[in-house]
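Inside the fold
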Amino acid sequence: MALLLKNAHVVDPAVELDGCVDVLVEGDKIAAVGENLTCDAAEVIDLTGRYLVPGLVDMHVHLREPGFEAKGDIESETAAAAHGGFTGVCSMPNTKPVTDNGVVVEYIKSVAAAKGHCRVYPSGAMTKGLKGEIISEMGDMVEHGCVAFTDDGHGVQGAGMLRRAMDYGQMFGKVFMSHCQDEDLVGDGQINEGAVSTRLGLLGWPAEGEELQIMRDIMIAELTGAKLHIQHISTAKGLDMVRAAKAKGLPVTCEATPHHLFLTEDAIDGTYNTCFKVNPPLRTAADAEALIAGVIDGTVDAIATDHAPHSDWEKSREFELAPFGMTGLETALGLVITNLVKT
Ligand code: DOR
Ligand code: ZN
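Let us look at the structure shown here. Keep in mind that this is a model prediction, so the values were computed, not measured. (Residues numbered from 1 in each chain as written. Chains lettered and ligands numbered in written order. Predicted model: local features only at pLDDT ≥ 70, side-chain atom pairs only at ≥ 80, totals over all residues. Heavy atoms only, no water.)

1. Let's talk about the nonpolar core
Counting 32 residues, the largest nonpolar core has Met 126, Met 166, Ile 214, Ile 218, Ile 230 and Ile 233 as its most contacted members. If you list the elements that add at least two residues to this core, you get α3 (138–143), α4 (159–169), α7 (208–224), β13 (228–230), α8 (236–247) and β14 (252–256). When residues no more than four places from it in sequence are discounted, the contact partners of Met 166 are Phe 176, Ile 220, Ala 221, Thr 224, Ala 226 and Leu 228. By size, the runner-up hydrophobic cluster in this structure holds 15 residues, among which are Val 61, Val 104, Val 111 and Cys 118. (Core = buried A, V, L, I, M, F, W, Y, C linked by side-chain atoms within 4.5 Å. Buried < 20%, exposed > 50% of the residue type's maximum accessible area, 1.4 Å probe, protein only. Helix = DSSP H or I, 4+ residues; strand = E, 2+ residues; numbered from the N terminus. Contact = heavy atoms within 4.5 Å.)

Quick look at the structure:
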């Protein structure tokens, strides 16, 4: 079965393509790309005014399975991914049981193979049970297909623990992805610390609660030689730290989420809408502007959603009791086209 896609705006950075061309698909292969293609046997679809891009990859997604299927599961969340244009997602390890050994990695892969709507690349925990106490079974997980290590959702609190995990785990060649949150400093912080938190009477989450660990993790990555990726970076100062690390030639990368790029703390008002409760919190307009500048100058290596579904009833609770997290897979591409490409 052949398919001729006409007049789409085709974007493929891998071959430096960014323009209006036709694409002929035969079976599961792209047979031709060019202008004014014809093929008598093909079904023709006119894509005038639409984009055609390679399948997108979201390197930060919570699929919730195993353990939290009431919030979402591998089938439902990979369906959301496919609906949003993603053909691959990296799953986060804060499952139940935690993805901290090869068996859980294998479970995720097997469910994804049976029911998934896109490719799933599991990440594995850096520490057992995400507790920050004992190194996880890194080698076992890599053997089973784990692509990266992260304690996302918590972050490793002890600098010594992080050093040991990086010293040991770097032999597997995978990247260490950091959720940067100093729990002692952040405490029960609900939203960004500042005028909005004060006005709404919500406990503040200072930018420093993230930035201190970004700096610490860059320094420990330099000490150990490990590859570091900063997850969901949300502050201008944190981004400057990544910029400086890159300028030094360190293997440090980072991602920003659509919500930290396109929303600010000012979205949170007296309605206490828990949809805006997210970790790290929405920051200031100056921070969002700095992140967008970081996308443009390449300091931000990837836009990743941190897609984190929760149940209706959980998000319907009082602001302080509702869990942190937003969904993003179905809205990310549209937001990026509207707010970045078109502007
Ligand atoms: O808002 C968040 N939700 N941030 C995280 O880091 C974890 C996530 C979740 O698992 O719900
Ligand atoms: Zn996350």
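2. Considerations on the coordination of the zinc ion (ligand 2)
Coordination sphere of the zinc ion (ligand 2), protein contribution only: His 60 (NE2), His 62 (NE2), Asp 152 (OD) and Asp 306 (OD), at 2.0 to 2.1 Å. The coordination sphere of the zinc ion (ligand 2) comprises four donor atoms, whose angles at the metal cover 85 to 169°; the geometry is irregular. Between consecutive donor residues of the zinc ion (ligand 2), the sequence gaps follow H-x1-H-x89-D-x153-D. Of this pair, His 62 sits in the loop between β6 (56–61) and α1 (74–83) while Asp 306 sits in the loop between β15 (302–303) and α11 (312–315); the two residues are 244 residues apart in sequence, bridging distant segments of the chain. Looking at Asp 306, the relative accessible area reads 6%, which means it is buried. (Donors = N, O, S within 2.8 Å, 3.2 Å for Na, K, Ca; no water. Tetrahedral: all angles 85-135°; square planar, octahedral: opposite > 155°, others 65-115°.)

3. What about helix α2 (residues 102–115)?
Under the 1.5 Å per step criterion, the end-to-end length of α2 is 20 Å for 14 residues, consistent within 8% with the ideal 20 Å. Along α2, the residues that are buried comprise Gly 102, Val 104, Val 105, Ile 108, Val 111 and Ala 112. The secondary structure elements touched by the buried residues of α2 are α1, β7 (86–91), β8 (119–122) and α3. (Expected span 1.5 Å × (residues − 1).)

4. Overview of the sheet that holds strand β10 (residues 175–178)
As summarised here, the arrangement of the five strands in space is β9-β10-β13-β14-β15, forming an open sheet in which the pairing is parallel. Among the strands making up the open sheet, the edge pair consists of β9 (148–150) and β15. Sheet analysis places β9 next to β10, joined by three bridges and oriented parallel. Bridge pairing in β10 places Ala 148 opposite Val 175. (Pairing = 2+ DSSP bridges.)

5. Remarks on the state of the cysteines
The full count for this structure, using the stated rule, is zero disulfides. Here Cys 20 is not cross-linked by a disulfide; its sulfur's nearest cysteine counterpart is in Cys 39, at 19 Å. (Disulfide = S-S within 2.5 Å.)

6. Regarding the pattern of salt bridges
Tallied over the full model, the rule gives eleven salt bridges. Salt bridges sharing partners connect three or more residues here, namely Asp 240, Arg 243 and Asp 297. (Salt bridge = Lys/Arg side-chain N within 4 Å of Asp/Glu carboxyl O.)

7. Here we look at the sheet that holds β7
Taken together, three strands build an open sheet; the order of strands is β6-β7-β8 and the sheet is parallel. The sheet is open, and its two borders are formed by β6 and β8, each paired with just one other strand. For this sheet, the mean angle separating the axes of adjacent strands, direction not counted, is 20°. Sheet analysis places β7 next to β8, joined by four bridges and oriented parallel. Counted as the bridge partner of Cys 90 is Tyr 121 from β8. (Axes fitted to C-alpha atoms, helices over the stretch in contact; angles between N-to-C directions.)

8. Quick look at the pairing of strand β2 (residues 17–26)
With nine bridges connecting them, strand β1 (residues 2–12) and β2 associate as antiparallel partners. Bridging from a neighbouring strand, Ala 8 pairs with Val 21 of β2. As consecutive antiparallel partners, β2 and strand β3 (residues 29–34) are separated by two residues, and within that stretch Gly 27 has a phi angle of approximately 60°, a positive value.

9. Quick word on the site of ligand 1
Around ligand 1, the structure places 14 residues, and the nearest of them are Arg 64, Asn 94, His 179, Asn 279 and His 310. In this structure, Gly 325 approaches ligand 1 through a main-chain N or O atom, which is 3.2 Å from an oxygen atom. Using a 2 Å cut-off from the grid points, one finds that ligand 1 occupies the second largest pocket. Among the residues making up the shell around ligand 1, the classes are represented as three nonpolar, eight polar and three charged. (Near = heavy atom within 4 Å. Polar contact = N/O pair within 3.5 Å; in protein donor to acceptor, adjacent residues only side chain to side chain. 1 Å grid on protein atoms, 1.4 Å probe; cavity = no way out; pocket = protein on both sides within 12 Å on 5 of 7 lines; lining within 4 Å. Sits in = over half its atoms within 2 Å of the grid points. Nonpolar A, V, L, I, M, F, W, Y, C, P; charged D, E, K, R; others polar.)

10. Re the side chain of Asp 287
Structurally, Asp 287 can be placed in helix α10 (residues 285–297). Comment: no salt bridge for buried Asp 287; closest opposite-charge side chain is Arg 283, at 5.5 Å. (Lys, Arg positive; Asp, Glu negative; His and termini not counted.)

11. Thoughts on empty space enclosed by the protein
Sizing a probe to match a water molecule and rolling it over the atoms shows the empty space that remains. Within this structure, the stated rule accounts for one cavity of 30 Å³ or more. Empty space within the largest cavity amounts to approximately 40 Å³. Lining the largest cavity are Met 126, Asp 151, Gly 155, Val 156, Leu 162, Met 177, Ser 178, His 179, Gln 213, Arg 216 and Asp 217. Counting residues per element, the ones that place at least two in the lining of the largest cavity are β10 and α7. The element contributing the most residues to the lining of the largest cavity is α7, with three residues. Taken together, the residues of the lining of the largest cavity break down into four nonpolar, four polar and three charged. (Points joined across faces, edges and corners; volume = space filled by probe spheres on them.)

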